[in-house]
Amino acid sequence: GGPASVSPYTVNKDSLQGPAWANSLFEDNAEHGFGMQLGQKVLREQAIEKLGAMNESGKATPEFKAAFEKFMETKENTRTNTEATKALLVEVEKAAEAGCPGAKAVLDKKEYLAKKSVWIFGGDGWAYDIGFGGLDHVLASGTDVNILVVDTEVYSNTGGQASKATQIGAVAQFAASGKKTKKKDLGLMAMQYGYCYVAQVAMGANPAQLAKVLK
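Positions within a chain are numbered from 1, following the residues in the order the chain's sequence is written. For a predicted model such as this one, the threshold for reporting local features is a pLDDT of at least 70, and the threshold for listing and counting side-chain atom pairs is 80 or more; totals across whole chains, interfaces and linings nevertheless cover every residue. Water and hydrogen atoms were dropped before computing side-chain values, which therefore reflect all heavy atoms in the structure.

Turning our eyes to something else, we now look at the overall build of the protein chain. Numbering of helices and strands runs from the N terminus, with a helix taken as a DSSP run of H or I at least four residues long and a strand as a DSSP run of E at least two residues long. When helices and strands are tallied, the protein chain shows 8 helices and 2 strands. Along its sequence from the N terminus, the protein chain presents helices and strands in the succession α-α-α-α-β-α-α-β-α-α. Whereas a compact globule of 215 residues would reach a radius of gyration of roughly 17 Å, the protein chain reaches 23 Å, over 25% beyond that. A buried classification covers 29% of the 215 residues belonging to the protein chain. For the protein chain, restricting intrachain contacts to residue pairs at least 6 apart in sequence, the fraction spanning at least 24 positions comes to 53%. Per-residue and other accessible areas were derived by the Shrake-Rupley procedure at a 1.4 Å probe size, with only the shown protein chains allowed to occlude residues. When the accessible area of the protein chain is evaluated, it comes to approximately 14,200 Å², of which 58% is carbon and sulfur surface. In this count, Lys and Arg are taken as positive residues and Asp and Glu as negative ones, while His and the chain termini are left out. Charge positions come from single atoms, namely NZ of Lys, CZ of Arg, CG of Asp or CD of Glu. Distance between charge centres in the protein chain, computed from 24 positive and 24 negative side chains, equals 4 Å. In this treatment the radius of gyration is a C-alpha quantity, and the globule benchmark scales as 2.2 Å times the residue count to the 0.38 power. Accessibility here uses a 1.4 Å probe with only protein chains present; expressed as a share of the type maximum, an area under 20% marks a residue as buried, one over 50% as exposed, and anything in between as partly exposed. The criterion used for residue contact is that any of the two residues' heavy atoms lie within 4.5 Å.

With that settled, consider the pattern of salt bridges. Two side chains that carry opposite charge are able to pair once their charged atoms sit near each other. Salt-bridge detection follows one rule: a side-chain nitrogen of Lys or Arg within 4 Å of a carboxyl oxygen of Asp or Glu. For the coordinates displayed, the defined rule picks out 10 salt bridges. Two residues, Glu83 and Lys86, come together in a salt bridge whose shortest N-O distance is 3.4 Å. Taken together, the positions of Glu83 and Lys86, both in helix α3 (residues 78–97) and 3 residues apart, correspond to about one turn of that helix. The partner of Lys104 in a salt bridge is Asp108, with the nearest N and O atoms 3.2 Å apart. On the criterion of helical spacing, the pair formed by Lys104 and Asp108 is a turn pair, its members being 4 residues apart in helix α4 (residues 101–108). Under the relative-accessibility criterion, Lys104 is labelled exposed at 53%.

It is worth spelling out the packing of α3 against α4 at this point. Helices that pack against each other are described as a pair by the angle of their axes relative to one another and the distance between those axes. One can describe the packing of α3 onto α4 by two numbers: an axis separation of 8 Å at closest approach and a directional angle of 135°. The angle between α3 and α4 places the two elements in the oblique class. The chirality of how α3 crosses α4 is left-handed. Contacts between α3 and α4 pair Leu89, Val92, Glu93, Ala95 and Ala96 from the former with Ala103, Val106 and Leu107 from the latter. Residue polarity follows a fixed list, in which Ala, Val, Leu, Ile, Met, Phe, Trp, Tyr, Cys and Pro are nonpolar, Asp, Glu, Lys and Arg are charged, and the others, Gly among them, are polar. By residue class, the composition of the contact of α3 with α4 is 7 nonpolar, no polar and 1 charged. Only the contacting stretch of a helix is used when fitting its axis, a line to C-alpha atoms as for every element, and angles between N-to-C directions run 0 to 180 degrees. Here roughly perpendicular refers to angles of 65 to 115 degrees, roughly parallel to angles under 35, roughly antiparallel to angles over 145, and oblique to all remaining angles. Each helix crossing is assigned a hand: it is left-handed if the near helix lies turned anticlockwise from the far helix by less than a right angle, otherwise right-handed if that turn is clockwise.

Our next topic: the nonpolar core. The set of buried Ala, Val, Leu, Ile, Met, Phe, Trp, Tyr and Cys residues whose side-chain atoms join them within 4.5 Å is what this entry labels a nonpolar core. In this structure, Leu51, Met54, Phe64, Leu88, Val92, Val106 and Leu113 are the most contacted members of the largest nonpolar core, which totals 16 residues. Elements with a contribution of two residues or more to this core: α1 (29–56), α2 (62–73), α3 and α4. Once you skip the residues sitting within four places of it in the chain, Leu51 turns out to touch Phe64, Phe68, Leu88, Val92, Val106 and Leu113. Val118, Ile120, Trp126 and Cys196 belong to the second-largest nonpolar core, a separate cluster that totals 15 residues.

This paragraph deals with the environment of Ser163. Considering the arrangement of structural elements, one finds Ser163 in the loop between β2 (146–150) and α7 (186–191). Sequence-wise, Ser163 and Phe174 are 11 residues apart; in three dimensions their C-alpha atoms are separated by 9.3 Å. Leave out the neighbours within four places in its chain, and Ser163 touches Asp124, Asp129, Glu153, Val154, Tyr155 and Lys179. Contacts described as polar in this section are N or O atom pairs within 3.5 Å, which, within protein, must combine one atom able to donate a hydrogen with one able to accept it, while residues neighboring in sequence count only if both atoms come from side chains. A polar side-chain atom of Ser163 sits 3.0 Å from the main-chain amide nitrogen of Ala165.

For the protein chain, per-residue confidence averages 89 on the pLDDT scale, and residues scoring 70 or more make up 92% of the total. A score between 0 and 100, pLDDT records how confident the predictor is in each residue. Ranking the elements of the protein chain by mean pLDDT puts helix α8 (residues 207–214) last with 60 and α2 first with 97.

Time to look at the environment of Asp108. For Asp108, a relative accessible area of 54% translates into the label exposed. A sequence separation of 11 residues divides Asp108 from Trp119, and the C-alpha atoms of the two residues are 25 Å apart.

The subject of this paragraph is the packing of aromatic side chains. Only Phe, Tyr and Trp rings are paired, with Trp represented by its six-membered ring, and only when their centres lie within 6.5 Å; those with planes under 30 degrees apart are stacked, over 60 edge-to-face, the remainder tilted. Tallied over the full model, the rule gives 2 aromatic pairs. Between Phe64 and Phe68 the ring centres are 6.3 Å apart and the planes differ by 5°, which places this aromatic pair in the stacked class. Here Phe64 and its partner Phe68 are both found in helix α2, 4 residues apart, which amounts to about one turn of the helix. One exposure class covers both Phe64 and Phe68, and it is buried.

Dropping the structure here:
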């Protein structure tokens, strides 16, 4: 979490859990989120390895085996794996009460067991300019993360100067007569890797007009 007075976030009604988040240095945003993903992934894999050993032991109950099988079926699905994880942890707790040493190791990492949805988000000044190298590295890695770029098409944080995200002809600070070069096509760059899903939305735009522009 963080300072609730300036960065509140929601929690769910059942377990009062919400998104875990952290701020990074402006230019290190992509690398920071990348590290968060890799770190929790390692801890999750360690717990799954212990679960696999428990499942292969002669002491695993039919209920544990069924719950483990369902967990593994949904392991890479963020939506369905949460419920499968809850059911599996019930069986793990039973095994811990019965004295299984591997169960305690799993419970120590239980917060990492459910499939996580990792998001990296920032503005166009970060994504198009100062943090582009790191962003490109994360895109090229093929790692399972989501990246949200909030594109205002100028350097909003420092007063509205023209940037690589500014449209050609747009008037902004340092481009009083209109920007001379085209907007950098970040989505197209991501698509060139062949394994990145790219989506775009223009807030408040007329969809029909946007379709004409894209043609």
